[in-house]
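Residue-level structural notes
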Amino acid sequence: MSACIFCDISEGAVQTQMVYEDDRAVVFKDRNPAAPTHLLVVPRKHIPRVAESVEDDAGLLGHLQLVAGAVAKREGIKDFRLVTNNGRGAGQSVDHLHYHLLAGRRMNWPPG
Ligand code: AMP
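Residues numbered from 1 in each chain as written. Predicted model: local features only at pLDDT ≥ 70, side-chain atom pairs only at ≥ 80, totals over all residues. Heavy atoms only, no water.

**Side note on the layout of surface pockets**
Taken as a whole, the largest pocket encloses approximately 730 Å³ of empty space. Lining the largest pocket are 31 residues; nearest its centre among them are Asp30, His38, Leu40, His98 and His100. The class makeup of the residues in the lining of the largest pocket is 15 nonpolar, 11 polar and 5 charged. (1 Å grid on protein atoms, 1.4 Å probe; cavity = no way out; pocket = protein on both sides within 12 Å on 5 of 7 lines; lining within 4 Å. Points joined across faces, edges and corners; volume = space filled by probe spheres on them. Nonpolar A, V, L, I, M, F, W, Y, C, P; charged D, E, K, R; others polar.)

So this is what it looks like as structure tokens:
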């Protein structure tokens, strides 16, 4: 076990409802869903938040969006929201970069 729950999930030390895995990313169900479909798209690399990513992460960041699109397509999801919270004031509670993939209900704009 490490200090980071998403690192533990990525490494298989903590079990969760995994829906996709590759060498750079994992996708699993959020344990406290905010929509009928609520997935977390997570890099295996520990990056605390998007603002702490560096130029070398550019490929990885793009990969995460490709994975989100591919998983949505596989799940038959056409409309979805992909969002990341950067910092406590923006709602971030887990300090390991992740994108929320939300679908299955009407999404309001602007988000609260
Ligand atoms: P954020 O608040 O943007 O950092 O999002 C963190 C998300 O991780 C929240 O929606 C939590 O419900 C979710 N979460 C935290 N721990 C786990 C876990 N062990 N398995 C699945 N989802 C989790």
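**Some thoughts on the packing of aromatic side chains**
Evaluated as defined, the whole model comprises 1 aromatic pair. Aromatic side chains Phe6 and Phe28 sit 5.3 Å apart centroid to centroid with 80° between the ring planes, which places their arrangement in the edge-to-face category. Here Phe28 lies in strand β2 (residues 25–29) and Phe6 lies in helix α1 (residues 5–10), a separation of 22 residues in the sequence. This pair shows no difference in class: Phe6 is buried, exactly as Phe28 is. (Phe/Tyr/Trp six-rings, centres within 6.5 Å; stacked < 30°, edge-to-face > 60°. Helix = DSSP H or I, 4+ residues; strand = E, 2+ residues; numbered from the N terminus. Buried < 20%, exposed > 50% of the residue type's maximum accessible area, 1.4 Å probe, protein only.)

**Points about the site of the ligand**
Taken together, 17 residues lie near the ligand, and Asp30, Asn85, Gly91, Ser93 and His100 sit nearest. Contact distances for the ligand include 2.5 Å between an oxygen atom and a side-chain N or O atom of Asp30. Interatomic distance of 3.0 Å between a backbone N/O atom of Val94 and an oxygen atom of the ligand. When the ligand is considered free in solution it has 500 Å² of accessible area, and contact with the protein chains removes 88% of it. More than half of the atoms belonging to the ligand lie within 2 Å of the grid points that define the largest pocket. Elements that contribute at least two residues to the shell around the ligand include exactly α1 and β2. When residues in the shell around the ligand are grouped by element, the largest group, 3 residues, is from α1. (Near = heavy atom within 4 Å. Polar contact = N/O pair within 3.5 Å; in protein donor to acceptor, adjacent residues only side chain to side chain. Areas by Shrake-Rupley, 256 points an atom, 1.4 Å probe, with all protein chains shown as cover. Sits in = over half its atoms within 2 Å of the grid points.)

**Considerations on helix α2 (residues 58–74)**
Helical periodicity: at 3.6 residues per turn, an α-helix aligns residues three or four positions apart in one direction. With 17 residues, α2 ought to run about 24 Å at 1.5 Å a step, and its terminal C-alpha atoms sit 25 Å apart, in line with that. Along α2, the residues classified as buried are Leu60, Leu61, His63, Leu64, Val67, Ala68, Val71 and Ala72. Looking straight down α2, one finds that the buried residues subtend no more than 165° of arc, so they occupy a single side. When the buried face of α2 is taken as reference, the exposed residues oriented beyond 90 degrees from it are Leu66 and Lys73. Those residues of α2 that are buried are in contact with β1 (18–21), β2, β3 (37–43), β4 (81–83) and β5 (99–103). (Expected span 1.5 Å × (residues − 1). Arc of directions from axis to C-beta. Contact = heavy atoms within 4.5 Å.)

**Focus on the pattern of salt bridges**
For the structure on display, the rule yields 7 salt bridges. Of the charged contacts, one joins Glu21 and Arg44 as a salt bridge, the two residues approaching to 3.1 Å between their closest N and O atoms. Highlighted residues: Glu21 in strand β1 and Arg44 in the loop between β3 and α2, separated in sequence by 23 residues. For Arg44, a relative accessible area of 25% translates into the label partly exposed. In this structure, Arg88 engages Asp95 in a salt bridge whose closest nitrogen and oxygen atoms are separated by 3.1 Å. (Salt bridge = Lys/Arg side-chain N within 4 Å of Asp/Glu carboxyl O.)

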